[in-house]
Amino acid sequence: MKKFKAESQRLLELMINSIYTNKEIFLRELISNASDALDKLHFISLTDSTAARDFEIKIELDKKERTIAVIDNGVGMNEKELEENLGTIANSGTFKFKAENKTDEELIGQFGVGFYASFMVADKVTVTSKKFGENEAHKWESCGSDGYTVSPAERSECGITVLLHLKPDTEDEHTDEYLSEWRISELVKKYSDYIRYPITMLCTSERKKEGSDEYEEIKEVKTLNSRLPIWKRNKNEVSKEDYMAFYRSKYFDMTEPLHYFAASTEGALTYNALIYVPGKAPYDYYTSDYKRGLSLYANGVLIMEKCEDLLPDYFGFLRGIVDSSDLSLNISREMLQKDRQLKALAAGISKRIISEFTKLMTSDRETYEKIFLEYGASIKFGVYESFGAKKDELKDIILFRSSASDKLTSLNEYVSRMREEQKEIYYAAGRSLESIERMPQVEGAKAKGYEVLYLTDQIDEFVMKVLGEYNGKKISPVGVASQEVKDDSLKDMLAFMTESLGDKVKDVRLNADIGNYPACLTAEGELSLEMERILNAMPANKGIKATRILEINPAHPIIEKAKVLFEGDKDELKKLTEILYDEALLLAGLEVSDSANFVLKINEMIK
Ligand code: ADP
Ligand code: MG
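The model shown is predicted, which means the values in this text are computed figures rather than measured ones.

Here is what the cut-offs are and how they apply
Residues numbered from 1 in each chain as written. Chains lettered and ligands numbered in written order. Predicted model: local features only at pLDDT ≥ 70, side-chain atom pairs only at ≥ 80, totals over all residues. Heavy atoms only, no water. Helix = DSSP H or I, 4+ residues; strand = E, 2+ residues; numbered from the N terminus. Rg over C-alpha atoms; globule rule 2.2 N^0.38 Å. Buried < 20%, exposed > 50% of the residue type's maximum accessible area, 1.4 Å probe, protein only. Areas by Shrake-Rupley, 256 points an atom, 1.4 Å probe, with all protein chains shown as cover. Lys, Arg positive; Asp, Glu negative; His and termini not counted. Charge placed at Lys NZ, Arg CZ, Asp CG, Glu CD. pLDDT = per-residue confidence, 0-100. Contact = heavy atoms within 4.5 Å. 1 Å grid on protein atoms, 1.4 Å probe; cavity = no way out; pocket = protein on both sides within 12 Å on 5 of 7 lines; lining within 4 Å. Points joined across faces, edges and corners; volume = space filled by probe spheres on them. Nonpolar A, V, L, I, M, F, W, Y, C, P; charged D, E, K, R; others polar. Domains from an automatic or database assignment. Polar contact = N/O pair within 3.5 Å; in protein donor to acceptor, adjacent residues only side chain to side chain. Pairing = 2+ DSSP bridges. Axes fitted to C-alpha atoms, helices over the stretch in contact; angles between N-to-C directions.

Colleague: Even after reading the chapter, I still don't get the overall build of the protein chain, so can you show me in this structure?
Modeller: Within the protein chain one finds 19 helices and 23 strands. Computed over its C-alpha atoms, the radius of gyration of the protein chain comes to 35 Å, more than 25% above the 25 Å expected for a compact globule of 607 residues. For the protein chain, the C-alpha atoms occupy an extent of roughly 120 × 55 × 50 Å along the three principal directions. In the protein chain, which comprises 607 residues, the proportion classed as buried is 51%. Looking at the protein chain as shown, the accessible area adds up to about 30300 Å², and 49% of this sits on carbon and sulfur atoms. Positive and negative side-chain charges of the protein chain, numbering 84 and 106 respectively, have mean locations separated by a distance of 2 Å.

Colleague: Even after reading the chapter, I still don't get the confidence of the model for the protein chain, so can you show me in this structure?
Modeller: Detailed reading of the predicted coordinates is not advisable wherever pLDDT is low. With 93% of its residues at a pLDDT of 70 or more, the protein chain has an overall mean of 87. This model gives residues 90-99 a pLDDT under 50, and the stretch forms 19 contacts once residues within four places in sequence are excluded. Taken together, the stretch residues 328-334 has pLDDT below 50 and engages in 15 contacts with residues farther than four places along the chain or on a different chain.

Colleague: How do you make sense of empty space enclosed by the protein when you look at a structure like this?
Modeller: Think of a ball as big as a water molecule: rolled over the atoms, this probe shows where empty space is left. With the rule as written, the count across this model stands at one cavity of 30 Å³ or more. Taken as a whole, the largest cavity encloses approximately 30 Å³ of empty space. Lining the largest cavity are Ala429, Gly430, Arg431, Ser435, Met439, Leu587, Ala588 and Gly589. Each residue belonging to the lining of the largest cavity can be placed in one class, and the counts come to four nonpolar, three polar and one charged. Here the lining of the largest cavity spans two domains, since at least three of its residues come from each of domain 3 (398-481) and domain 4 (485-607).

Colleague: Help me out: how do you make sense of helix H15 (residues 491-500) in this one?
Modeller: What sets the pattern is the α-helix's 3.6 residues per turn: residues three or four places apart point alike. Among the residues of H15, those classed as buried are Met493, Leu494, Phe496, Met497, Thr498 and Ser500. Contact partners of the buried residues in H15: strand S21 (507-511), strand S23 (547-552), helix H17 (557-568) and helix H18 (570-587). Positive backbone phi, approximately 60°, marks Gly502, located one or two places after H15.

Colleague: Whenever I open this one, the side chain of Asn225 confuses me. Can you help?
Modeller: Mapped onto the elements of the fold, Asn225 is located in the loop between strand S8 (215-223) and helix H7 (240-251). At 3.0 Å, the side chain of Asn225 forms a polar contact with the backbone oxygen of Ile195. Separated by 2.9 Å, the side chain of Asn225 and the backbone oxygen of Tyr197 make a polar contact. Excluding residues within four positions of it along the chain, Asn225 makes contact with Val188, Lys189, Ser192, Asp193, Ile195, Tyr197, Pro198 and Ile199.

Colleague: Sorry, what's going on with the sheet that holds strand S1 (residues 57-62) here?
Modeller: Backbone hydrogen bonds are what pair the strands of a sheet, in a parallel or an antiparallel way. With respect to topology, eight strands assemble into an open sheet ordered S5-S4-S3-S6-S2-S1-S7-S8, the strand pairing being mixed. Whereas interior strands pair on both sides, the edge strands pair on one side only; in this sheet they are strand S5 (148-153) and S8. Across this sheet, the average inter-strand angle for adjacent strands is 20°, counted without regard to direction. Summarising the sheet, strand S3 (residues 122-130) and strand S4 (residues 137-142) pair through six bridges and their orientation is antiparallel. The residue bridging Thr126 from the neighbouring strand is Glu141, located in S4.

If you want it as structure tokens, here you go:
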């Protein structure tokens, strides 16, 4: 009996004592190994015709002996290779990585542990192998961490048979299920459906005997996997209905997706992707419970059901799969290298999603607007996130309401409609479209023929601040469009009004651009009134205040009244100023602090 190398022994013990719940992945590991071995022989067959054959993977169940065999006619291993490959984990990246980062559970679930996964379900493993081009066959056998033996054996064809002697079926450890044809078929479908070689098994079914009511049992060899995944098929040969059917069956979602697209690239990084925009955001999408990610396949083998690293947060609403052949050989061993590849893969996919959305904005605007109405907040969050690190990538696929029409507009479209003398992009933020349209500053800008973007999402104004500008055009709150009026004759009166409002405002000024309203409120500096409202709604930010300016319309008749009061009755002017301030608060969508007092003051004025 030979001993395993120290590291292998540790991994083996981990497998034998595994409490991991998904022990079923052992089958995926064995099938992947068989597929790799077939790939190798297939490659040889390109130049050596004696290597050519019908490549296949067979599964055999023996209920009486309680064994499962996974058999391939691939390249096989000779005595030395059996020792090297199954007796040691040659510089196993997986294992090193584990020590540093991951729990056993994650390690096994996400990246597999290869051949040793067999020991999660078997207490004895017998491998019979004959290497392509050699005459002798060998048998490798092990009952666990004590060690293994290698001895001569018989095998007619090249390839490998891995025979698992299942552990006894107990209350805690169910192994009987792996003797069920149905269960094995299910596992192959789940993990190995897209292995390109046929995976066959002798299957039993019942059929009515001809001319009688009796049933007879028939046995026939069936191919369990569908081999060519939908995302690898030629796009022109796959119908929309095929894509929809795949979506329904994979995600159990009966709502038709808003959009889907298949993408593939060749070159530095090869991948096929199939991405869906679900019809509705999952109910928990904007909570931390939501689990985002794309399914990651390496050459048709499922590696991870939801790989978060493949999608940025702001595209977390997408569903789909990514299959890369570049990950295949390294997936379980060269973790760190894989990590880098995963990043490159994620970057490529993000780019592709953005280009798809950009295209859609012109080719099928209706669909894109539906997508944006459902998921726009998430995309806008992407602009805002990380101090705008992604703003340049995303700024062209975000949409806003505007004063131009009741359709959504992109920043680019806004700019194309700008008047020649208009220097900046203007926006107004508020609780609802109605309240924004009523804002005095908006009326003023519209009167000049300037379009105003209407921001109603909480995130919108933060997005605008992060963007700052779009293609060289500054983005500003609409108040800035107004003309401040300097009228020295009113200086003293304005100073009195400022003083009478105490610390409510920093200043009272004139503004000629507020339509028919007598006054409006604006904010000076970074923090707007709308931002103040949003931030104060969060418990952590109570008490944040914007710097307020009360702006008075010099063309409004009320100014004349103010002038008279300034000369004759300063107390009355103080009351009038307070009323103007409260009105301006209401117009800005804010609350007056004392509404009863506000009504009393107005009544007094009009009586
Ligand atoms: P990995 O597949 O990540 O290399 P495994 O533990 O699954 O790690 O397999 C170890 C090695 O054993 C493989 O790299 C391969 O050389 C060899 N091997 C396993 N299964 C087979 C097989 N069916 N045919 C030929 N070689 C195999
Ligand atoms: Mg393997």
